[in-house]
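# Tertiary structure, described
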Amino acid sequence: MPALQGILSALSAILVTLNALYLEQPASTPPITGIFNATTTEPLAPPLEPVALPAVVTPVTISIPEAPRPQTGGLAPSPLLEALLPTAPSTALGRSLARLSGAIVNIICTSTDPAVRSMSGSGVLFDPKGLILTNSHIAQYYLLDAVMPDRIACTIRTGSPAQAAYIAAPAYVSSQWMRDNPGTLTAASPRGTGEHDFAVLAITGSATDAPLPASFPYLPLTDGEPEIKDEVAVGSYGAQSLTSTEIRNALYPTLAFAKVKDVYTFEGHTVDLIAMTGSVAAQVGSSGGGVADAEGNLVGVITTSTNSGDLLSRTLRAITIDHIRRSFEEDSEEDFDTYFKRGNVSSFVRVFVDDAEEMGVVLKKDIGR
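Rules used throughout
Residues numbered from 1 in each chain as written. Predicted model: local features only at pLDDT ≥ 70, side-chain atom pairs only at ≥ 80, totals over all residues. Heavy atoms only, no water. Buried < 20%, exposed > 50% of the residue type's maximum accessible area, 1.4 Å probe, protein only. Helix = DSSP H or I, 4+ residues; strand = E, 2+ residues; numbered from the N terminus. Pairing = 2+ DSSP bridges. Phe/Tyr/Trp six-rings, centres within 6.5 Å; stacked < 30°, edge-to-face > 60°. Axes fitted to C-alpha atoms, helices over the stretch in contact; angles between N-to-C directions. Parallel < 35°, antiparallel > 145°, perpendicular 65-115°, else oblique. Contact = heavy atoms within 4.5 Å. Nonpolar A, V, L, I, M, F, W, Y, C, P; charged D, E, K, R; others polar. Disulfide = S-S within 2.5 Å.

## Topic: the pairing of strand β10 (residues 254-264)
Counted residue by residue, β10 has 9 buried out of 11 residues, so it is predominantly covered. Two strands pair when backbone bridges link them, and strand β9 (residues 231-236) and β10 are joined in this way by 6 bridges, in the antiparallel orientation. Within the sheet, the bridge partner assigned to S236 lies in β10 and is T254. The pairing of β10 with strand β11 (residues 273-277) spans 4 bridges and is antiparallel.

Pasting the structure below:
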């Protein structure tokens, strides 16, 4: 398809953006108190403000042999997944990782405008209708695409390696995050805490000749709260040290097991963000990826990571599903689960189209266009 060829050509001519994963300040910044610290009586501080990460390490996924192209909506068997399953902390968590591997997507947005970097990020399907949870700092490219369609082009990719699969449109982007985080498209080292940093994209069409599946692989949203020492599965499309050619042709899922080592709050009493032990997912491109529990439920969406040491020594962070629910209700006066269950993909996109255009106009002004 001509449009897809144009996207891939543009991607091969640019460097990977460094704003696809926010990262945390050095340890000299005052520490944060976990919200379950029994001795703490004062409201707790939000997470530390992150900074950009130098692309200095090589992710494990780059060395995975090429696998056959998957069927639309699925994921080809990955050598990394097959290698991880026998070492899973439990059979249940191994099954959860396998489900997560089929639900994660790669979000590629290419730019021909010199003021905006191209971007490779992640997302995770949470509804069989084709609804994707990702970050607002990723979905804002779709907003800009709405007002600059000749300069920005976005595609949803799946599989191992990632290949074009779907066309999507924004069904929700947090206006609170947009208001609090201007300039991230052009900043050399974009910053953020993860608060309100989520968005929903709706799959609206196929990027290939294959029809859309009747139902998409997905992870249901958790009804509980993650706790310290919980073992989790993590999935994304990390791309930190890959070249543009490797992203185009050899971008593989980044899959790992991790453990929740701390929990944090934005409001003083709620579990809004979890910190996990380091893994290959602690790298640029993993933003928007999913964190699943042993029951196969989605418990978080990756937002930030520390930037010191090798990947396994870092701290990966994700906002919780409950934070997403609270933030959505505060922003829209709607219940997240009810809203996205009762409608269809077309209606979600249609309802949000005016907000999307308004936000896109603001972004266009921010980049001086």
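## A closer look at the packing of aromatic side chains
Within this structure, the stated rule accounts for 13 aromatic pairs. Ring centres of F328 and F336 lie 5.2 Å apart, and the angle between their planes is 85 degrees; on these two criteria the pair is classed as edge-to-face. Each member of the pair, F328 as well as F336, carries the same accessibility label: buried. Measuring from ring centre to ring centre gives 4.9 Å for Y339 and F340, while their planes differ by 90 degrees; the resulting arrangement is edge-to-face. Of the two residues, Y339 and F340, neither departs from the other in class, the shared state being buried.

## Observations concerning the packing of helix α4 (residues 136-147) against helix α9 (residues 345-366)
Two elements in contact, α4 and α9, have axes separated by 8 Å at closest approach and are oriented at 90 degrees. Classified by the angle their axes make, α4 and α9 are roughly perpendicular. Contact with α4, carried on its side by Q140, L143, L144 and V147, involves F352, A356, E357, M359, G360, V361, L363 and K364 of α9 and no other residues of that element. The residue inventory of the contact of α4 with α9, partitioned by class, reads 8 nonpolar, 2 polar and 2 charged.

## Details of the sheet that holds strand β3 (residues 104-111)
With antiparallel pairing, 6 strands are arranged side by side around a closed barrel as β3-β4-β5-β8-β7-β6. Pairs of neighbouring strands in the sheet enclose a mean axial angle of 45 degrees, with direction left out of account. Taken together, the 3 bridges between strand β6 (residues 152-158) and strand β7 (residues 163-173) define a ladder with antiparallel strand orientation. Each bridged residue has a counterpart across the sheet, and for I156 the counterpart in β7 is Y166. Seen against the sheet, helix α3 (residues 91-103) touches β3 and β4 (119-127) and runs at an angle of roughly 30 degrees to β3. This element, α4, spans β3, β4, β5 (131-134), β6, β7 and β8 (199-206) of the sheet and lies at about 130 degrees to β6.

## Some words on the state of the cysteines
Summed over the entire model, instances satisfying the criterion amount to 1 disulfide. Between the sulfur atoms of C109 and its disulfide partner C154 the distance amounts to 2.1 Å. In this structure the cystine formed by C109 and C154 twists about its S-S bond by roughly 115 degrees; its chirality is therefore right-handed. Within this pair, whereas C109 is found in strand β3, its partner C154 is found in strand β6, the two being separated by 45 residues in sequence. Assigned by exposure class, C109 and C154 land together as buried.

Purely geometric stuff here, so don't read any function into it on its own.
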